[in-house]
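Structural overview
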Amino acid sequence: MKILAIESSCDETAAAVIENGTKILSNVVVSQVDIFAAYGGVIPEVAARSHLEAILPVVHKALDDAGLTKDEIDSIAVTHTPGLMGSLLIGTLTARMLAILWGKPLYATHHLKSHIYANWLGDGLVPEFPLLALVVSGGHTQIIYMSEHNQFEIIGTTRDDAVGECFDKVAKILGLPYPGGPSIAKCAEKGDIRKYKLPHPKVDGLDFSFSGLKTAVLRAVQNELGLPITTPSYELKENLSEQQKADFAASFQETACEILLEKVARALEERPEVKSIVLAGGVSANQVLKEKAQDGRFGGVKVFIPELKWTGDNAAMVGAAAYFEVVSGVKETDPYSLSIAPRTDIA
Ligand code: KG4
Ligand code: ZN
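Residues numbered from 1 in each chain as written. Chains lettered and ligands numbered in written order. Predicted model: local features only at pLDDT ≥ 70, side-chain atom pairs only at ≥ 80, totals over all residues. Heavy atoms only, no water.

Some thoughts on the overall build of the protein chain
Secondary structure summary: the protein chain contains 11 helices and 10 strands in total. Seen along its three principal axes, the alpha-carbon backbone of the protein chain occupies a region of about 65 × 45 × 30 Å. Across the 347 residues of the protein chain, 55% fall into the buried class. In the protein chain, the proportion of contacts linking residues at least 24 apart, taken out of those at least 6 apart, comes to 74%. For the protein chain, the computed accessible surface area is about 14,800 Å², with 52% contributed by carbon and sulfur atoms. (Helix = DSSP H or I, 4+ residues; strand = E, 2+ residues; numbered from the N terminus. Buried < 20%, exposed > 50% of the residue type's maximum accessible area, 1.4 Å probe, protein only. Contact = heavy atoms within 4.5 Å. Areas by Shrake-Rupley, 256 points an atom, 1.4 Å probe, with all protein chains shown as cover.)

Structural notes on the coordination of the zinc ion (ligand 2)
Protein coordination of the zinc ion (ligand 2) is provided by His-111 (NE2), His-115 (NE2) and Asp-313 (OD), with donor distances spanning 2.0 to 2.1 Å. Linear spacing of the donor residues for the zinc ion (ligand 2) on their chain is H-x3-H-x197-D. Taken together, the residues His-115 in helix α4 (residues 111-117) and Asp-313 in the loop between α10 (308-311) and α11 (316-327) connect sequence positions 198 residues apart. For Asp-313, a relative accessible area of 17% corresponds to the buried category. (Donors = N, O, S within 2.8 Å, 3.2 Å for Na, K, Ca; no water.)

Quick notes on the environment of Met-85
Assignment of secondary structure puts Met-85 in helix α3 (residues 85-102). The exposure class assigned to Met-85 is partly exposed, which follows from its relative accessible area of 43%. Taking the C-alpha atoms as reference points, Met-85 and Glu-45, separated by 40 residues in sequence, lie 9.4 Å from one another. Apart from residues lying up to four places away in sequence, Met-85 is in contact with Ile-340, Ala-341 and Pro-342.

A word on the layout of surface pockets
In this structure, the second largest pocket encloses a volume near 180 Å³. Lining the second largest pocket are 13 residues, with Asn-119, Leu-121, Gly-124, Leu-125 and Ile-305 positioned closest to its centre. Partitioned by chemical class, the residues of the lining of the second largest pocket number eight nonpolar, three polar and two charged. (1 Å grid on protein atoms, 1.4 Å probe; cavity = no way out; pocket = protein on both sides within 12 Å on 5 of 7 lines; lining within 4 Å. Points joined across faces, edges and corners; volume = space filled by probe spheres on them. Nonpolar A, V, L, I, M, F, W, Y, C, P; charged D, E, K, R; others polar.)

Quick notes on the pairing of strand β3 (residues 23-31)
Sheet topology places strand β2 (residues 12-19) next to β3; eight bridges connect them, and they run antiparallel. Looking across to β3, one finds that Ala-14 is bridged to Val-29. Here β2 hands over to β3 after three residues, with Asn-20 in that stretch at a positive phi of 50 degrees. (Pairing = 2+ DSSP bridges.)

Quick notes on the site of ligand 1
Not every one of the 18 residues close to ligand 1 is listed here, only the nearest: His-115, Gly-138, Asp-168, Gly-181 and Gly-282. A distance of 3.1 Å is found between an oxygen atom of ligand 1 and a side-chain nitrogen or oxygen belonging to His-111. Contact between ligand 1 and His-115: an oxygen atom at 2.9 Å from a side-chain N or O atom of the residue. Coverage of ligand 1 by the protein amounts to 84% of the 550 Å² it exposes when considered alone. At the level of secondary structure, the elements contributing two or more residues to the shell around ligand 1 comprise α4, α5 (163-174) and α6 (180-188). Taken together, the residues that form the shell around ligand 1 break down as four nonpolar, 12 polar and two charged. (Near = heavy atom within 4 Å. Polar contact = N/O pair within 3.5 Å; in protein donor to acceptor, adjacent residues only side chain to side chain.)

Overview of the nonpolar core
Membership of the largest hydrophobic core comes to 52 residues, with the highest contact counts inside it found for Leu-132, Leu-134, Leu-174, Ile-184, Phe-210, Phe-252 and Ile-277. Mapped by element, the contributors of at least two residues to this core are β6 (131-136), β7 (141-146), α5, α6, α7 (211-224), α8 (242-270), β9 (276-280) and α9 (287-293). In terms of residue count, the dominant contributor to this core is α8 (13 residues). Ignoring any residue separated from it by four or fewer positions in sequence, one finds Phe-252 in contact with Cys-166, Phe-167, Val-170, Ile-184, Leu-198, Leu-213 and Val-217. Counting residues in hydrophobic clusters, the runner-up holds 34 residues, among them Leu-121, Val-135, Ala-322 and Ile-346. (Core = buried A, V, L, I, M, F, W, Y, C linked by side-chain atoms within 4.5 Å.)

Describing the sheet that holds strand β4 (residues 75-81)
Within a beta sheet, neighbouring strands are joined by backbone hydrogen bonds and run either parallel or antiparallel to one another. Sheet architecture is open: five strands sit in the order β3-β2-β1-β4-β5, paired in mixed fashion. Both edges of this open sheet fall to β3 and β5 (106-110), since each of them pairs with a single strand only. The mean angle between the axes of side-by-side strands here comes to 20 degrees, regardless of whether they run parallel or antiparallel. Sheet analysis places strand β1 (residues 2-7) next to β2, joined by six bridges and oriented antiparallel. (Axes fitted to C-alpha atoms, helices over the stretch in contact; angles between N-to-C directions.)

Quick word on the confidence of the model for the protein chain
For residues with low pLDDT, the predicted coordinates do not support detailed interpretation. Per-chain confidence: the protein chain averages 97 in pLDDT, with 100% of residues scoring 70 or above. Per-element mean pLDDT across the protein chain ranges from 91 in helix α1 (residues 33-37) up to 99 in β1. (pLDDT = per-residue confidence, 0-100.)

Some words on the state of the cysteines
Under the defined criterion, the tally for this structure stands at zero disulfides. Cysteine Cys-10 shares no disulfide, and the gap to the nearest cysteine sulfur, in Cys-166, comes to 17 Å. Unpaired in this structure, Cys-166 has its nearest cysteine sulfur neighbour in Cys-257, at a distance of 11 Å. (Disulfide = S-S within 2.5 Å.)

As for the packing of aromatic side chains
Within a pair of aromatic rings, the relevant descriptors are the distance that separates the centres and the angle that separates the planes. Counted according to the given criterion, the structure contains eight aromatic pairs. When the ring of Phe-167 is compared with that of Phe-252, the centres are 4.9 Å apart and the planes differ by 70 degrees; the resulting orientation is edge-to-face. Placement of Phe-167 in helix α5 and of Phe-252 in helix α8 is noted, with a sequence separation of 85 residues between them. Residues Phe-167 and Phe-252 agree in their burial class; the two are buried. (Phe/Tyr/Trp six-rings, centres within 6.5 Å; stacked < 30°, edge-to-face > 60°.)

Focus on the environment of Thr-79
As for its position among the elements, Thr-79 is in strand β4. Discounting chain neighbours no more than four positions away, the residues touching Thr-79 are Ile-6, Glu-7, Ser-9, Leu-88, Thr-92, Thr-109, His-111 and Val-318. At a separation of 2.6 Å, a polar atom in the side chain of Thr-79 contacts the side chain of Glu-7.

Okay, structure coming up:
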């Protein structure tokens, strides 16, 4: 089955053609990251307008690169939740229009499901069920138990900020460019992970909390500079040396990664039947997180991490998720009534 998949939930306009959930026939991503680097974050209205400009050429290129015509596509898949409303609207309207015009079945997929299914892309080994997915993105931090394809149980979630958001906010405090995750990772290379002691939040069960860690970094920076806690965060960066920035970045990254993996270890204790652990979402690009996840702390449980090109937002993962929905018996969506939603849980 060849699926033309479309993704536009945040600031990447993407389309891909995926065969049977794993084979990538084409993959096109137009990122707006350069636009938003100037603003230090995504502006939803600007993102929607950029999607509108890019979406048809991107879809066209995905078909072209796959060497296929519309008649050779079996179905269309699109992200319909969660994400920015204006961004989701452009992708879903395009997919609905194409499904109606071309007479193809339409599948609406959940963005986090797609991040998890990025682990099935390509021709390598695939995760075995039951599994634990650590979903770490700009908007989510969750541990999800999957007993089989398309069966999701959220067993841990953040009570406030997502870990990606925390990377982005700490980067802002340190005066590092947007997006914060890769900037922190790069800056941390020259830093000392033990220089600043940052707290691990005390949250019951498998839930997370990241807003306290962000504030702890803010207080530690103010303290290091001998400034009162009333000093606004935007006034701190010019007083920090490059070495101090690197030490803060390294200490923060180390703490954030340990917090995530401690909860995964705990989840594994609660679910000893688990055969695989999968990492998913933008933060799974983080090299320290990847190395720690694979350092043997999870015993014989195999750890899967998507290839770097599939960790950020892309449409190949949407095609994979949609395929495994289809084989799990999920029905097609009515293109005339497909709705979008900014925040929903994976189901
Ligand atoms: O999954 P994603 O591309 O978009 C959402 O669905 O949110 O995730 C974006 C998040 C951002 O917060 C970004 O800073 C973070 O992923 N990120 C990273 C790295 N690369 C991207 N965080 C830590 N280390 C990285 N190397
Ligand atoms: Zn994402």
